[in-house]
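Tertiary structure, described
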Amino acid sequence: MSNTLAIEAFVGSDPEVRRTNTGAAICSFRAAVNHRRLDNSTGEWVNNGTSWYTVTSYGALAENVATQITKGSAVLVIGDLKVRDWE
């Protein structure tokens, strides 16, 4: 079973690039998905919370992400979902 996820999101932080010991790029940024629903009684769209994701890419994709997106950009992210608990 795969945990592949596709989200339409807005970039919530400028991409941050780090390097491995071998020089490979790792790029991370925060992405926000705003949940909206149509209120049938008023016919208007209502905001219903936001989900935040940390998106990480590697290698050539990381290099491209770092140069092409900035905070506020709209993005489509497709990848594997890994859930980590924290308090």
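This part takes up the nonpolar core. Core analysis: the largest hydrophobic core is formed by 14 residues, its most contacted members being Ala9, Phe29, Ile69, Val75 and Val77. For this core, the secondary structure elements donating two or more residues are strand E1 (4–11), strand E3 (25–39), helix H1 (59–68) and strand E5 (74–80). When residues in this core are grouped by element, the largest group, five residues, is from E3. Dropping the residues within four chain positions of it, Val75 is found in contact with Ile7, Glu8, Ala9, Val11 and Ile69.

Attention shifts here to the pairing of strand E4 (residues 44–58). Direction of pairing for E3 relative to E4: antiparallel, over a ladder of 13 bridges. Opposite Ser28, over in E4, you have Thr56 as the bridge partner.

Looking at where Asp39 falls in the secondary structure, it is placed in strand E3. Buried charged residue Asp39 carries no salt bridge. Nearest counter-charge: Arg37, at 4.7 Å. Excluding residues within four positions of it along the chain, Asp39 makes contact with Glu44 and Val46.

Okay, the environment of Asn47 next. Take Asn47: it is sitting in strand E4. Of the residues examined, Asn47 reaches a relative accessible area of 60% and is grouped as exposed. Each C-alpha atom of the pair Asn47 and His35 lies 6.0 Å from the other, and the pair is twelve residues apart in sequence. Each residue touching Asn47, except ones within four places of it in the same chain, is listed here: His35 and Arg36.

It is worth spelling out the environment of Leu5 at this point. Examined against the element boundaries, Leu5 turns out to sit in strand E1. Judged by relative accessible area, which is 26%, Leu5 ranks as partly exposed. Measuring from C-alpha to C-alpha, the distance between Leu5 and Val17 comes to 23 Å, with twelve residues separating the pair along the chain. With residues near it in sequence (within four places) discarded, Leu5 still touches Tyr53, Val77, Ile78, Gly79 and Leu81.

Definitions and limits used
Numbers given to residues run from 1 along each chain, matching the order in which its sequence is written. The predicted nature of this model means local features are confined to residues of pLDDT at least 70 and side-chain atom pairs, given and counted, to a pLDDT of 80 or more, with totals for whole chains, interfaces and linings taken over all residues. Water and hydrogen atoms play no part in the side-chain values, which are based on all heavy atoms of the structure. Buried residues of nine kinds, namely Ala, Val, Leu, Ile, Met, Phe, Trp, Tyr and Cys, make up a nonpolar core once their side-chain atoms join them within 4.5 Å. Relative accessible area decides the class of each residue, using a 1.4 Å probe on protein chains only: under 20% of the type maximum gives buried, over 50% gives exposed, and in between gives partly exposed. Only DSSP runs of H or I covering at least 4 residues are called helices, and only runs of E covering at least 2 are called strands; the numbering of each starts at the N terminus. Contact criterion: two residues are considered in contact whenever any of their non-hydrogen atoms come within 4.5 Å of each other. A pair of strands is labelled paired if DSSP reports no fewer than 2 bridges between them. Here Asp and Glu are counted as negative and Lys and Arg as positive; His is not counted, and neither are the chain ends. We count a salt bridge whenever a side-chain nitrogen from Lys or Arg sits within 4 Å of a carboxyl oxygen from Asp or Glu.

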